Amino acid sequence: MTSDVPALAALRRSPVAARRLLVFTCFLVTAVTLTPIVMMVLVAFQSDTESMAARPSLWPGSWHPENIGRAFDLVPLGRYLLNTIIFAGGTALLETATAALAAYAFARLRFRGRGVLFGVYLTTLMIPSQVTLIPQFILVAKMHGVDTWPGMILPHAFTALGVFLLRQFFLGVPRDYEEAARLDGANRWQTFIRIIIPLAVPAIATLAVFKFISQWNNLLWPLVISNSDSTRTAAVGLQVFQSTNGTQWNLLLMAAAITTVPLIVLFFLTQRWFVKGITMSGLGGR
Amino acid sequence: MAAPTRTAATAAPRRTPRGPLRGRRSRRHGSETLAAWLFLLPSLAGFLVFTAGPVIAAGVISLLDWNLFSPPRFIGLDNFARLGPDDTFWSALGNTAYFTFVSVPLTLLVSLGLALLLNQGLRRMAVFRSLLLLPYATITVAVAFVWVWLYIPHDGLINAVLGGFGIDGPAWLISDDWAMPALIVMSVWKSFGFGMVIFLAGLQAIPQQLYEAAKVDGASPWRTFREVTLPLLSPSVFFTVVTSIIGSFQVFDQALVMTDGGPGTSTTTLVMYIYRTGFENYEQGYAAAQSMVLFAFIVVITAAQFLFQRRLVHYDL
């Protein structure tokens, strides 16, 4: 597709044909891209025999909406979804709150060691989470945090990325606003809460959504730290589902679809922020 | 950290400005330092406990023989020496490198191609962009199941489509040679959206005048792409390359679900091997040693990229 660029530009000389070709290409690419997701939903509604037939069919011969209930009966999917919301929501909230505070200090307050400390924060962006996996597990285990919410949430709620993103944004907020508030007698906490935070809502929401989606997707940490249904997340639950139900494709894919749908809905609702968040982190790389 | 907090806390009530300007300013400075540390405290505490501490601990644990249940025993560099003759480790390292050096360029090409396509001034660009971003917003574990279904050897959808073109598709996930390419295709599908959005933002930031100037000079579209678009997009490309390489080195979810590391060890990745060693065989010390090697690779590769960056990435017009 990349080598198409000159061709596309050449086609621009005959605008109508070019436009049609462009739109057609977009449709084609989008259709191919969405095929797996559409298939997931279609197979989820097939009958047991149809979904396990040697030759899989694309369109369900008959629709079986009761598969939704059956998936919920086989494993506690509802519980898993709730757990995922607590896990992803908890880490997102905590990370956003602590990152906003730290970012304010880095962006707006002068103190000795600021440059060095920020440098240290930045360096840790490079540390893969697998390096800390084992010590974090041992730490949480020693504190009797295995299979508890603090044990699940806390180790993943403090990252340099959030601090970095919000600092970039806070640097862009005009200082005059703050100065004006301070002249009116507001202290630093009040300027932070009443001036900076309201102005930074888009950036903060971006970070929260970003974190929520990545934690919804997180498999490794919950797999290691949760060992019962009380904290098991959807990603881990699906793993369990797979091992207990083998290749019962319709129910497996129904369960997969059920755990994906909330994320896709959230994604569409917060799309603007999400895209902005990715873009912002892109700029962060500069 | 405790010391400045305590002194400044007692100083806090005296903060009301009075006296000559100079004294006022220095006192204000002290209260600023206190405020800064207070604002930093929650993040810094969590960071020290859950990131900095564990990183150091990982180094220490890699020197231990420890199964979590009996007391740890110091064994020096034995865990690292064990890596030498461990075939599975080298195969996992090779697989991870294979995955990274094929999937990253592919993802990059697909992302860039789609970003260029969507940047051609389409009216419904936002709709296509949202739809193309969907794979990125799905759960890897969940969509991995669909891909297993698509890859079913004889009658799976992918081989059925290939058959339509007269191609006899391989057995994908159960083939030594094709399991990794199959994982790569799935991973490119899952992650191209991220790069696409970054490239779109980068493309839209390129001043239109530059294209007009190139047009006036009679530059061919290919030359315009090479000499205007690509250099100006290089910071976005650099960022995407760095983050996707780091991400690829950590590939785990799709391999666990789709192949469980097999057939044989042909898709066992480094992270999967670390997970197995630490949490299935309970050899925490050995697993930590492996993660230190992974860490070293990531640091070396990232550093190399930053060196390259000086030559290839243009930050100014």
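Throughout, residues of each chain are indexed from 1 in the direction in which the sequence is written. Both sets of labels track the order of writing: A upward for chains, 1 upward for ligands. It should be noted that, the model being predicted, local features are given only for residues of pLDDT at least 70 and side-chain atom pairs only at 80 or more, the latter also being counted only at that level, while totals for whole chains, interfaces and linings use all residues. Remark: hydrogens and water are excluded; side-chain values derive from all non-hydrogen atoms of the structure.

**A few points about the overall build of chain A**
Next, step 1: Segments assigned H or I by DSSP are reported as helices when at least four residues long, segments assigned E as strands when at least two residues long, and all are numbered from the N terminus. What chain A contains, in helices and strands, is 15 helices and zero strands.
Next, step 2: In terms of its C-alpha atoms, chain A occupies a principal-axis envelope of roughly 75 × 65 × 35 Å.
Next, step 3: The contact criterion used throughout is that any non-hydrogen atoms of two residues lie within 4.5 Å. Within chain A, residue pairs in contact and separated by at least 24 positions form 74% of the contacts whose partners lie at least 6 positions apart.
Next, step 4: All tallies of charge rest on Lys and Arg as positive and Asp and Glu as negative; His and the ends of each chain are not included. In plain terms, the charge of a residue is placed at NZ if it is Lys, CZ if Arg, CG if Asp and CD if Glu. One finds the centroid of the 22 positive side-chain charges in chain A at a distance of 13 Å from the centroid of its 12 negative side-chain charges.

**Let's talk about the overall build of chain B**
Next, step 1: Looking only at helices and strands, chain B features 13 helices and two strands.
Next, step 2: A 1.4 Å probe rolled over the protein chains alone gives each residue an accessible area, and that area as a share of the maximum for its type sets the label: buried under 20%, exposed over 50%, partly exposed in between. Each of the 317 residues in chain B was classed as buried or not, and the buried ones make up 51%.
Next, step 3: Restricting the contact set of chain B to residue pairs at least 6 apart, pairs at least 24 apart contribute 67%.
Next, step 4: Total accessible area on chain B stands at roughly 14,700 Å², and carbon and sulfur atoms take up 64% of it. For accessible areas, the Shrake-Rupley method is used with a probe of radius 1.4 Å. Any residue's cover is judged against the shown protein chains and nothing else.

**Describing unusual backbone geometry**
Residue and element names in this part refer to chain B.
Next, step 1: Residues Gly262 and Pro263 are joined by a peptide bond in cis, for which omega reads -5°.
Next, step 2: The topology assignment puts Pro263 in the loop between α11 (253-258) and α12 (270-279).
Next, step 3: At Leu68, a residue that is not glycine, the phi angle is positive and equals roughly 80°.

**Overview of the packing of aromatic side chains**
Next, step 1: Any two of the Phe, Tyr and Trp rings considered here, Trp counted by its six-membered ring, make a pair once their centres fall within 6.5 Å; the pair's planes then place it as stacked at under 30 degrees, edge-to-face at over 60, or tilted in between. Applying the stated rule across the entire model yields 30 aromatic pairs over all chains.
Next, step 2: Members of the aromatic cluster, each reached through a chain of ring pairs, are A:Phe106, A:Phe111, A:Phe118, A:Tyr121, A:Phe164, B:Trp37 and B:Phe47.
Next, step 3: The ring of A:Phe118 has A:Arg167 lying over it, and the distance from NZ or CZ to the ring centre is 4.1 Å.
Next, step 4: The criterion is that NZ of a Lys, or CZ of an Arg, lies within 6 Å of the ring centre and within 35 degrees of the ring normal, and then a charge sits over that ring. Between B:Arg82 and the ring centre of B:Tyr286, over which it is positioned, the NZ or CZ distance is 3.7 Å.

**Re the pattern of salt bridges**
Next, step 1: By salt bridge we mean one thing: a side-chain nitrogen of Lys or Arg within 4 Å of a carboxyl oxygen of Asp or Glu. Summed over the entire model, instances satisfying the criterion amount to twelve salt bridges over all chains.
Next, step 2: The salt bridge involving A:Arg108 is made with A:Glu178; its shortest N-O contact spans 2.3 Å. You can see A:Arg108 sitting in helix α5 (residues 77-108) and its partner A:Glu178 sitting in helix α10 (residues 175-183), a full 70 residues away along the chain. Each member of the pair, A:Arg108 as well as A:Glu178, carries the same accessibility label: buried.
Next, step 3: Note that B:Arg73 is salt-bridged to B:Asp65, the shortest N-O span being 3.1 Å.
Next, step 4: Of the residues examined, B:Asp65 reaches a relative accessible area of 39% and is grouped as partly exposed.
Next, step 5: One network of salt bridges, in which partners are shared, links A:Arg110, A:Arg188 and B:Glu32.

**Focus: the nonpolar core**
Next, step 1: Formed by 146 residues in total, the largest nonpolar core has its most connected members in B:Leu118, B:Phe252 and B:Met258.
Next, step 2: Tallying contributions element by element places helix α8 (residues 179-204) of chain B first for this core, with 15 residues.
Next, step 3: Those residues in contact with B:Phe252 that sit more than four places away from it in its chain are A:Leu219, A:Leu220, A:Leu223, B:Val271, B:Met272 and B:Tyr275.
Next, step 4: We define the nonpolar core as a collection of buried residues of types Ala, Val, Leu, Ile, Met, Phe, Trp, Tyr and Cys that are connected through side-chain atoms lying within 4.5 Å of one another. Among the nonpolar cores identified, the runner-up in size contains 34 residues, and A:Phe111, A:Val173, B:Ala35 and B:Ala36 belong to it.

**So, the confidence of the model for chain B**
Residues and elements named next belong to chain B.
Next, step 1: Confidence of the prediction at every residue is given by pLDDT, a number between 0 and 100. With 90% of its residues at a pLDDT of 70 or more, chain B has an overall mean of 85.
Next, step 2: The secondary-structure element of chain B with the lowest mean pLDDT is helix α1 (residues 2-11), recorded at 40, while helix α4 (residues 87-118) shows the highest, at 94.
Next, step 3: We note a pTM of 0.85 for the whole complex and an ipTM of 0.84 for its interfaces.

**Describing the environment of B:Ile158**
All names here are of chain B.
Next, step 1: Along the chain, Ile158 falls in helix α7 (residues 157-164).
Next, step 2: Sequence separation between Ile158 and Gly169 is eleven residues, and the spatial gap between their C-alpha atoms is 7.9 Å.
Next, step 3: With residues up to four places along the chain from it excluded, the contact list for Ile158 reads Trp147, Leu150, Tyr151 and Trp172.

**Some words on the interface of chain B and chain A**
Next, step 1: Of the residues lining the interface, 93 residues belong to chain B; the matching set on chain A comes to 98 residues.
Next, step 2: Note on definitions: buried area is the accessible-area loss of two parts on being combined, 1.4 Å probe, summed for both. Taken together, the two surfaces of chain B and chain A that pack against each other cover about 8,900 Å², and 77% of this comes from carbon and sulfur.
Next, step 3: On the chain B side of the interface with chain A, the three residues burying the most area are B:Phe39, B:Phe50 and B:Trp149, jointly 10% of the side's total.
Next, step 4: One can count two salt bridges joining chain B with chain A.
Next, step 5: Between B:Glu32 and A:Arg110 there is a salt bridge, with the nearest N and O atoms lying 3.3 Å from each other.
Next, step 6: Polar contacts here mean pairs of N or O atoms no more than 3.5 Å apart (in protein, one a potential hydrogen donor and the other a potential acceptor; neighbouring residues in sequence count only if both atoms are side-chain atoms). Counting across the chain B and chain A interface gives eleven residue pairs in polar contact (both at pLDDT 80 or more).
Next, step 7: Considering each element in turn, the side of chain B that touches chain A owes the most residues, 23 residues, to helix α2 (residues 21-61) of chain B.
Next, step 8: A per-class count over the side of chain B that touches chain A returns 69 nonpolar, 17 polar and seven charged. The nonpolar class holds Ala, Val, Leu, Ile, Met, Phe, Trp, Tyr, Cys and Pro. Asp, Glu, Lys and Arg form the charged class, and all remaining residues, Gly among them, are polar.

**Quick look at the side chain of A:Gln248**
Residue and element names in this part refer to chain A.
Next, step 1: With respect to the helices and strands, Gln248 occurs in the loop between α13 (234-245) and α14 (249-269).
Next, step 2: Judged by relative accessible area, Gln248 falls into the buried class, the value being 19%.
Next, step 3: One polar contact links Gln248 to Asp48, side chain to side chain, over a distance of 3.4 Å.
Next, step 4: Every residue in contact with Gln248, bar those within four places of it in the chain, is listed here: Asp48, Met52 and Arg70.

**Some points on a nonpolar patch on the surface**
Next, step 1: Every patch collects residues that have over 30% relative accessible area and no salt bridge, joining them within 9 Å if they carry like charges and within 5 Å if they are nonpolar side chains (Val, Leu, Ile, Met, Phe, Trp, Tyr). Residues A:Leu21, A:Phe24, A:Leu28 and A:Val32 make up a contiguous nonpolar surface patch of about 400 Å² in total accessible area.
Next, step 2: As for its placement among the helices and strands, A:Leu28 is situated in helix α2 (residues 15-44).

**So, α4(B)**
For an α-helix, the turn length of 3.6 residues means that residues three or four places apart are oriented alike.
Next, step 1: Taking 1.5 Å of rise per residue, the 32 residues of α4(B) would be expected to cover 46 Å, and the 46 Å separating its terminal C-alpha atoms lies within 8% of that figure.
Next, step 2: N-capping of α4(B) is provided by B:Asp86, with a side-chain oxygen placed 3.1 Å from the backbone N of B:Thr88. A helix is expected to span 1.5 Å for every residue after the first.

**Remarks on the packing of α4(B) against α8(B)**
Each packed pair of helices is defined by two parameters, the angle between the axes and the distance between the axes.
Residue and element names in this part refer to chain B.
Next, step 1: Between α4 and α8, the shortest axis-to-axis distance is 6 Å and the interhelical angle comes to 40°. Put simply, α4 runs oblique to α8. In the crossing of α4 with α8, the sense of the turn from one axis to the other is right-handed.
Next, step 2: Residue classes in the contact of α4 with α8 are distributed as 21 nonpolar, seven polar and no charged. Lines fitted to C-alpha atoms define the axes here, with helix axes fitted over just the stretch in contact, and angles between the N-to-C directions of these axes take values from 0 to 180 degrees. Angles below 35 degrees are treated as roughly parallel, those above 145 as roughly antiparallel, those between 65 and 115 as roughly perpendicular, and all remaining angles as oblique. Left-handed describes a crossing whose near helix is turned anticlockwise from the far helix through less than a right angle; right-handed describes the clockwise counterpart.

**Structural notes on the side chain of A:Asn83**
Residues and elements named next belong to chain A.
Next, step 1: Tracing the chain through its elements places Asn83 in helix α5.
Next, step 2: Overall, the relative accessible area of 0% leaves Asn83 in the buried class.
Next, step 3: Within the structure, the side chain of Asn83 is placed 2.9 Å from the backbone oxygen of Asp229, a separation counted as a polar contact.
Next, step 4: Those residues in contact with Asn83 that sit more than four places away from it in its chain are Trp149, Asp229, Ser230, Thr231, Arg232 and Thr233.

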